[in-house]
Amino acid sequence: MNQEHPPLAATLEIKVGSLSEGAAWYERLLGRPADFTPTSEIHEWEIFQGFWIQVTEGRAATGAGRFRLSVADAAGARRAVIEGLGADVSEIVTVPGIVAYCDFDDPWGNPLGFFQDLAQQP
């Protein structure tokens, strides 16, 4: 990969223990059904143009880095995950004027989180 052949899109594969349970959990987390189900073994959500989350059945990667989604309101997103999914979510950590974030895991141990870009707010 170089300047002549830059990446055009990206995917993040997330392994879950049960595809039907995993697809339902991520549907609740993301607030909508999968955008695309190319086969019976994969459910995909386009997070923003060209970036897709792919949920497939298998073992969660050990030592995987945390995947955080940008949200407009970290506190509201945190509350929604606690109330809607029953997840154990960390307290919000704030770096004043820069970022506020919180972390949680899906039921299969995949490390997730939310972040709010405070530098972009008035």
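Residues numbered from 1 in each chain as written. Predicted model: local features only at pLDDT ≥ 70, side-chain atom pairs only at ≥ 80, totals over all residues. Heavy atoms only, no water.

(A) Geometry of the nonpolar core. Grouped together as the largest cluster of nonpolar side chains are 27 residues, with contacts concentrated most on Y26, L29, V81, F104 and F114. Mapped onto this core, the elements with two or more residues apiece are β1 (10-16), α1 (19-30), β4 (51-57), β5 (67-70), α2 (74-85), β7 (99-105) and β8 (111-117). The leading source of residues in this core is α1, at six residues. Apart from residues lying up to four places away in sequence, F114 is in contact with L29, R68, L69, V71, A77, R78, V81, A100, Y101, C102 and F104. (Core = buried A, V, L, I, M, F, W, Y, C linked by side-chain atoms within 4.5 Å. Buried < 20%, exposed > 50% of the residue type's maximum accessible area, 1.4 Å probe, protein only. Helix = DSSP H or I, 4+ residues; strand = E, 2+ residues; numbered from the N terminus. Contact = heavy atoms within 4.5 Å.)

(B) Region of the structure containing the confidence of the model for the chain. The pLDDT averaged across the chain works out to 91; a share of 96% of its residues lies at or above 70. When the elements of the chain are averaged for pLDDT, strand β2 (residues 36-39) gives the smallest value, 91, and α1 the largest, 96. (pLDDT = per-residue confidence, 0-100.)

(C) Examining the packing of α1 against α2 more closely. Contact geometry for α1 and α2: axes closest at 10 Å, N-to-C directions at 145 degrees. Crossing hand, α1 versus α2: right-handed. Listed contacts from α2 to W25, R28 and L29 of α1 are V81, G84 and L85. Partitioned by chemical class, the residues of the contact of α1 with α2 number four nonpolar, one polar and one charged. (Axes fitted to C-alpha atoms, helices over the stretch in contact; angles between N-to-C directions. Left-handed = near helix turned anticlockwise from the far one by under 90°. Nonpolar A, V, L, I, M, F, W, Y, C, P; charged D, E, K, R; others polar.)

(D) Geometry of the packing of aromatic side chains. By the definition in use, this model includes five aromatic pairs. With a centroid separation of 5.0 Å and 70 degrees between ring planes, the pair formed by W25 and Y26 is classed as edge-to-face. Take W25: its relative accessible area is 4%, and that puts it in the buried class. Take Y26: its relative accessible area is 1%, and that puts it in the buried class. Ring centres of F51 and F67 lie 5.9 Å apart, and the angle between their planes is 35 degrees; this geometry places the pair in the tilted category. Of this pair, F51 sits in strand β4 while F67 sits in strand β5, and the two are 16 residues apart along the sequence. What links up through ring pairs into an aromatic cluster is the set W25, Y26 and W108. (Phe/Tyr/Trp six-rings, centres within 6.5 Å; stacked < 30°, edge-to-face > 60°.)

(E) Geometry of the side chain of Q54. Secondary-structure assignment places Q54 in strand β4. For Q54, a relative accessible area of 15% corresponds to the buried category. For Q54, the residues in contact, after removing those within four places along its chain, are T11, L12, E13, I14, I42, H43 and E44.

(F) Structural context of empty space enclosed by the protein. Inspection of the entire model under this criterion finds one cavity of 30 Å³ or more. Approximately 40 Å³ is the volume attributed to the largest cavity. Lining the largest cavity, in full, are Y26, L29, I53, F67, L69, F104, L112, G113 and F114. Secondary-structure elements contributing two or more residues to the lining of the largest cavity are α1, β5 and β8. No other element matches β8, which puts three residues into the lining of the largest cavity. For the lining of the largest cavity, a count of residues per class yields eight nonpolar, one polar and no charged. (1 Å grid on protein atoms, 1.4 Å probe; cavity = no way out; pocket = protein on both sides within 12 Å on 5 of 7 lines; lining within 4 Å. Points joined across faces, edges and corners; volume = space filled by probe spheres on them.)

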